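Here are the chains, one letter per residue:
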Amino acid sequence: MYSMTGYGRGEYRQGGLEVTAEIKTVNNRYLDMSVKCPRVFNACEEIIRSIVREKLTRGHADIYISVTDKREKAKSLYLDMQTARAYVESAKAIHEAFPELKDDFTVCSLMRQSDVLKVEEANGADDELIGAMKSALSAALDKLNAMRETEGKKLADDMLSRVNTIAGIVNKISERAPLVAEDYKKRLEEKIRLYTESVSPDESRLLTEVAVFADKSNIDEELTRLGSHIAQFGEIAKERLVGRKLDFLVQEFNRESNTVCSKSNDIVITKLGLQLKNEIEKIREQVQNVE
């Protein structure tokens, strides 16, 4: 089981290349990524996303990549002729306006203007740089998943502990449920005696009424399904990617607990049902943190 929250950092330092990858994840229903990297990796964004998709299935991931390239590489010069011509025309205009000033505007001084002559890499990210980026990103993802697995273990322990609490509550409800009809019969007999002291109650009518009540308040099916859900939860928790399965299972827990509360017609079972719903809600909150 993995938590959706974590952080990982990976580095590659070799042959003049220094690449750092950082990834931070938080909860999200689906996998969503935000990639921030130098322009040299602009054409590699899909490569970055595909590497992340191999290790993550849910959550929002912020990915940061930085690079320092100290290798000896071929470079090219880009001459912005339009800008250079504008500088020359401006220099001529200034010289005509102020002929007494010394004219020291030369080709070299024109070349020193940062917007006239630009140094550019001959190519974009080469295979070595892309390999370095992949190595750093994979290392970051491995550290991220190690942290998420540790956190996931804590979440699993907490949820399984609450499932055990739920199992205890369900057992108490199961013990109480058979007594509900009998208690109803006693209360009904007392009311009849109270209002008809001189008349003997019709035993068959009384039993019919109790039977109808017992049928309406029967929660055996709900208790059986809750027992099944408890067993399923323990099995699913052993898997790696459990978020969607547990999310669905918690909905089923809620459905059965709501039915138990609505059908019980018994104060003791109602109180136990509310405790049950409280524990289920705590599990639901934790499931939102699980991949």
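Residues numbered from 1 in each chain as written. Predicted model: local features only at pLDDT ≥ 70, side-chain atom pairs only at ≥ 80, totals over all residues. Heavy atoms only, no water.

**Q** Would you take a moment to explain the packing of helix H6 (residues 220–236) against helix H7 (residues 243–264) for this structure?
**A** The geometry of a pair of packed helices is captured by two quantities: the angle between their axes and the separation between those axes. Running from N to C, H6 and H7 cross one another at 160°; their axes reach a closest spacing of 10 Å. The pairing of H6 with H7 is recorded here as roughly antiparallel in orientation. You can see that H6 and H7 cross each other, and the crossing is left-handed. Facing H6, whose interface residues are Glu 222, Arg 225, Leu 226, His 229, Ile 230, Gln 232, Phe 233 and Ile 236, H7 presents Lys 245, Leu 246, Leu 249, Glu 252, Phe 253, Glu 256, Thr 259, Val 260 and Lys 263. Taken together, the residues of the contact of H6 with H7 break down into eight nonpolar, three polar and six charged. (Axes fitted to C-alpha atoms, helices over the stretch in contact; angles between N-to-C directions. Helix = DSSP H or I, 4+ residues; strand = E, 2+ residues; numbered from the N terminus. Parallel < 35°, antiparallel > 145°, perpendicular 65-115°, else oblique. Left-handed = near helix turned anticlockwise from the far one by under 90°. Contact = heavy atoms within 4.5 Å. Nonpolar A, V, L, I, M, F, W, Y, C, P; charged D, E, K, R; others polar.)

**Q** Help me out: how do you make sense of the environment of Ile 48 in this one?
**A** Mapped onto the elements of the fold, Ile 48 is located in helix H1 (residues 45–55). Spatially, the C-alpha atoms of Ile 48 and Val 35 are 8.1 Å apart, while their sequence positions differ by 13 residues. Beyond its immediate chain neighbours, meaning those up to four positions away, Ile 48 contacts Val 35, Cys 37, Ile 63, Ile 65, Met 133 and Leu 137.

**Q** Teacher, can you tell me more about the pairing of strand S1 (residues 6–14) here?
**A** Relative to strand S2 (residues 17–26), S1 runs antiparallel, the two sharing nine bridges. Residue Arg 13 lies in a different strand from S2, and its bridge partner there is Glu 18. Between S1 and S2, which pair antiparallel one after the other, the connecting turn spans two residues, and Gly 15 there sits at a positive phi close to 55°. (Pairing = 2+ DSSP bridges.)

**Q** Looking at this structure, how should I read the pattern of salt bridges?
**A** Opposite charge on two side chains permits pairing when their charged atoms draw close. On inspection of all chains with the given rule, the structure shows 16 salt bridges. In this structure, the salt-bridge partner of Glu 291 is Arg 148, at a minimum N-O distance of 2.7 Å. One end of the pair, Glu 291, is in the segment after helix H8 (267–287); the other, Arg 148, is in helix H4 (residues 127–195), with 143 residues separating them in the sequence. Relative accessible area serves as the criterion here: at 2%, Glu 291 is assigned to the buried category. Here Arg 148 falls in the buried class, since its relative accessible area comes to 1%. Here Asp 158 and Arg 162 are joined by a salt bridge, their closest N and O atoms 3.3 Å apart. Of the two residues, Asp 158 and Arg 162 are both situated in helix H4; the distance of four residues between them amounts to about one turn of the helix. Since its relative accessible area comes to 25%, Asp 158 is described here as partly exposed. (Salt bridge = Lys/Arg side-chain N within 4 Å of Asp/Glu carboxyl O. Buried < 20%, exposed > 50% of the residue type's maximum accessible area, 1.4 Å probe, protein only.)

**Q** Any chance you could explain the sheet that holds S2 here in plain terms?
**A** The strands making up a sheet associate through hydrogen bonds between their backbones, and the pairing can be parallel or antiparallel. Ordered in space as S1-S2-S4-S3, the four strands form an open sheet in which the pairing is mixed. Because the sheet does not close on itself, it has two edges, and the strands there are S1 and strand S3 (31–36). Here the strands of the sheet are splayed against their neighbours by 15° on average, with no regard to which way each runs. Along the sheet face, H1 touches S2, S3 and strand S4 (59–69) and points at about 140° away from the line of S3.

**Q** So what exactly am I meant to see when it comes to the pairing of S2 here?
**A** Across a regular strand the side chains alternate sides, sitting on one face of the sheet and then on the other. Bridging between S2 and S4 involves 10 bridges; their strand directions are antiparallel. Across the sheet, Leu 17 pairs through a bridge with Asp 69, a residue of S4.

**Q** I'm lost on the packing of H7 against H8 in this one. Help?
**A** In the contact formed by H7 and H8, the axes pass within 9 Å of each other and the chain directions differ by 165°. Compared by their axis directions, H7 and H8 come out roughly antiparallel. Pair H7 / H8 crosses with left-handed handedness. Where H7 abuts H8, its residues Gly 243, Leu 246, Asp 247, Val 250, Phe 253, Asn 254, Ser 257, Asn 258, Val 260, Cys 261 and Ser 264 lie against Ile 269, Thr 270, Gly 273, Leu 274, Leu 276, Lys 277, Ile 280, Ile 283, Arg 284 and Val 287. Residue composition of the contact of H7 with H8, by class: 11 nonpolar, seven polar and three charged.

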